[in-house]
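The residues making up each chain are set out below.
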Amino acid sequence: MGSWNTSIKFGIDLIDRDHRRLFDLIDAIQDEASKDTPDPEVIQGILRELREYANYHFKREESLMLASDYDAEAFNPHRIEHEYFETMVRSVDVLYRIDEHLINVDKLMDILREWLITHIGIVDRAYVKTVHDFCRKFKS
Ligand SMILES: [Fe+2]
């Protein structure tokens, strides 16, 4: 199963750390879900954290893209992808809270994990040079 790895490391520390954190949260949900007797409260807690962290991270990325004058035509589709992920996590969270047997949280985390790998590897990668150059201006 794919996870965070150096091929999707950008050298923008804040962003790399955020991406790692998202995978760590997905891992933690799957670790709990694969136990003989998973604790629904633990899973609910991490799902809430994933929801909040994804929102926090996407806002950070979007601010960086705007601040660095990243291609305006690429910005909107990128933002829409973020909304898709947030909607997915929100739906999983809500359904799991209603009844943890309604969904297969483990499989859904696999889907989110694959989505993240593709998003970071293709859509995020497109802003790296612009954001990197922008950040460097403020370092030297
Ligand atoms: Fe992104």
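Residues numbered from 1 in each chain as written. Predicted model: local features only at pLDDT ≥ 70, side-chain atom pairs only at ≥ 80, totals over all residues.

To continue, consider the overall build of the protein chain. Within the protein chain, the regular secondary structure consists of 5 helices and 0 strands. The order of helices and strands in the protein chain, counted from the N terminus, is α-α-α-α-α. Here the C-alpha coordinates of the protein chain stretch approximately 50 × 25 × 20 Å along the principal axes. When the 140 residues of the protein chain are sorted by exposure, 21% land in the buried category. Look at the contacts in the protein chain between residues 6 or more apart in sequence, and 74% of them connect residues 24 or more apart. (Helix = DSSP H or I, 4+ residues; strand = E, 2+ residues; numbered from the N terminus. Buried ≥ 20, exposed ≤ 12 C-beta atoms within 10 Å, placed from the backbone. Contact = placed C-beta atoms within 7 Å.)

With that out of the way, let us pick up helix α2 (residues 40–67). The periodicity of an α-helix, 3.6 residues per turn, causes residues three or four positions apart to be oriented the same way. The first and last C-alpha atoms of α2 sit 40 Å apart over 28 residues, in line with the 40 Å expected at 1.5 Å per residue. Among the structural elements, α1 (13–33), α3 (72–98), α4 (105–124) and α5 (128–137) are those in contact with the buried residues of α2. Just beyond α2, the residue with positive phi is D69, at close to 60°. (Expected span 1.5 Å × (residues − 1).)

It is at 9 Å that the axes of α1 and α4 come closest, and there the two elements cross at 165°. Put simply, α1 runs roughly antiparallel to α4. The handedness of the crossing between α1 and α4 comes out as left-handed. Residue-level contacts link H19, L22, F23, I26, I29, Q30 and A33 of α1 to V105, D106, M109, L112, R113, L116 and I120 of α4. Here the residues of the contact of α1 with α4 sort into 10 nonpolar, 2 polar and 2 charged. (Axes fitted to C-alpha atoms, helices over the stretch in contact; angles between N-to-C directions. Parallel < 35°, antiparallel > 145°, perpendicular 65-115°, else oblique. Left-handed = near helix turned anticlockwise from the far one by under 90°. Nonpolar A, V, L, I, M, F, W, Y, C, P; charged D, E, K, R; others polar.)

It is the contact of α2 with α3, at a shortest axis distance of 9 Å, that shows an interaxial angle of 170°. When the axes of α2 and α3 are compared, the pair comes out roughly antiparallel. From α2, I43, Q44, L47, R48, L50, R51, A54, N55, F58, E62 and M65 reach across to α3, where they touch F75, R79, H82, F85, E86, V89, R90, V92, D93, Y96 and R97.

Looking now at unusual backbone geometry. Although it is not a glycine, D69 adopts a positive phi angle of roughly 60°. Its place among the elements puts D69 in the loop between α2 and α3.

Bringing the environment of L22 into the picture now. On the secondary structure map, L22 appears in helix α1. Put simply, L22 and R51 are 29 residues apart on the chain and 9.6 Å apart in space, counted from C-alpha to C-alpha. Once you skip the residues sitting within four places of it in the chain, L22 turns out to touch Y53, A54, H57 and L116.

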